[in-house]
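For reference, the chains in residue letters:
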Amino acid sequence: MIPWTLLDTAQIPGGGELRLMRRGNEFSIKLGQNELMNSRLSGSEQALATLTCERLQGCKKPRFLIGGLGMGFTLRAALSVLDADARIVVAELVPEVVAWARGPMAEVFGTSLTDPRVSIREKDVGALIRAERSAFDAILLDVDNGPEGLSREANDALYNKSGLAAAHAALRPGGVFAVWSSGPDPRFTQRLAKAGFDVDDIKTRANGKRGGARHVIWLATRPGR
């Protein structure tokens, strides 16, 4: 078996170290012993985008905010179904992750980062959410491992009462707040409902129809459209 090779490391603001690993054509981003993402496992991250886009069919000139660039699965899935008039802002807190996308993982990302519909912001997605009012048709969070995160304690602010209120305010009526998670969290479902969202939690698989680990996607809609 081909051994894993360490390509680079990156410090996470607030503490923790990401490691970019490669084995042949396979990439992995790890935090300690925990694998946050793998280039061979993309089904549920793609579903985060496609399920959201299905909810927004007929929306003209949609504006998306994606929290977390990762390996770009969610971004590329959104680009594959959105029209030319769509605009996608991708917020990535760790600059090295953007550099990895443009460097060693360039073949994985293809042309997605140079697509005219896309702008990359090296900034905390929470700050972008709090700065906006009725600005987005969709906010997609693929940050950490979900509401019960691993990599950064400050990520909790995205999922607590005030964070959900900010997301609700940043969405246009009928907008979708979509959240990826490595597992279920009934309390988070309850918090979304209390924040004024209409909530569906959808179980999906890491490898899509091919199976793999069971993940969860919340689709929380701001009523009004």
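These notes cover the structure that comes with them. (Residues numbered from 1 in each chain as written. Predicted model: local features only at pLDDT ≥ 70, side-chain atom pairs only at ≥ 80, totals over all residues. Heavy atoms only, no water.)

1. Observations concerning the sheet that holds strand 4 (residues 34-38)
Heads up, the condition is: Pairing between two strands is assigned when DSSP locates at least 2 bridges connecting them. For the purposes of this entry, the term helix denotes a DSSP run of H or I that reaches at least four residues, the term strand denotes a run of E that reaches at least two, and both are numbered from the N terminus. An axis is simply a line fitted to the C-alpha atoms; with a helix, the fit covers only the stretch in contact. Between two such axes, the angle follows the N-to-C directions and lies from 0 to 180 degrees. Residues are treated as being in contact if the distance between any of their heavy atoms lies within 4.5 Å.
Here four strands make up an open sheet; going across it, the order is 1-2-3-4 and the pairing antiparallel. In this open sheet, the two strands that pair with only one neighbour each are strand 1 (5-11) and strand 4. Across the sheet, the mean angle separating the axes of adjacent strands is 25 degrees when strand polarity is ignored. Examined bridge by bridge, strand 3 (residues 26-31) and strand 4 share four bridges and lie antiparallel to one another. Across the sheet, the residue bridging to Lys30 is Glu35, located in strand 4. Sheet contacts for helix 3 (residues 95-102): strand 1, strand 2 (17-23) and strand 3; angle to strand 1, the most-contacted strand, approximately 145 degrees.

2. Focus: the nonpolar core
Taken as a class, soluble globular proteins show a tendency for nonpolar side chains to be buried jointly. Just so we agree on the cut-off: We define a nonpolar core as any set of buried Ala, Val, Leu, Ile, Met, Phe, Trp, Tyr and Cys residues linked to one another through side-chain atoms lying within 4.5 Å. Think of it in three bands: with a 1.4 Å probe and only protein chains considered, a residue is buried below 20% of the maximum accessible area for its type, exposed above 50%, and partly exposed in between.
Leu18, Leu69, Leu75 and Ile88 are the most contacted members of the largest nonpolar core, which has 44 residues in total. Setting aside its immediate chain neighbours within four residues, Leu69 contacts Leu75, Val90, Ala91, Glu92, Val97, Val98, Ala101, Phe109 and Leu113. If you look at the next biggest cluster of nonpolar residues, it comprises 26 residues, including Val125, Ala135, Tyr159 and Val179.

3. So, the side chain of Ser112
With respect to the helices, strands and loops of the structure, Ser112 is situated in the loop between helix 4 (106-109) and strand 7 (118-121). Among the residues examined, Ser112 registers a relative accessible area of 5% and is labelled buried. If we ignore the near neighbours within four places in the chain, the residues touching Ser112 are Leu75, Arg76, Leu79 and Val118.

4. Here we look at the environment of Arg76
Structurally, Arg76 can be placed in helix 2 (residues 73-81). Classification of Arg76 by relative accessible area gives partly exposed; the value is 22%. Sequence separation between Arg76 and Leu113 is 37 residues; the distance between their C-alpha atoms is 9.2 Å. Look past the residues within four positions of Arg76 in its chain and what remains in contact with it is Met71, Val108, Phe109 and Ser112.

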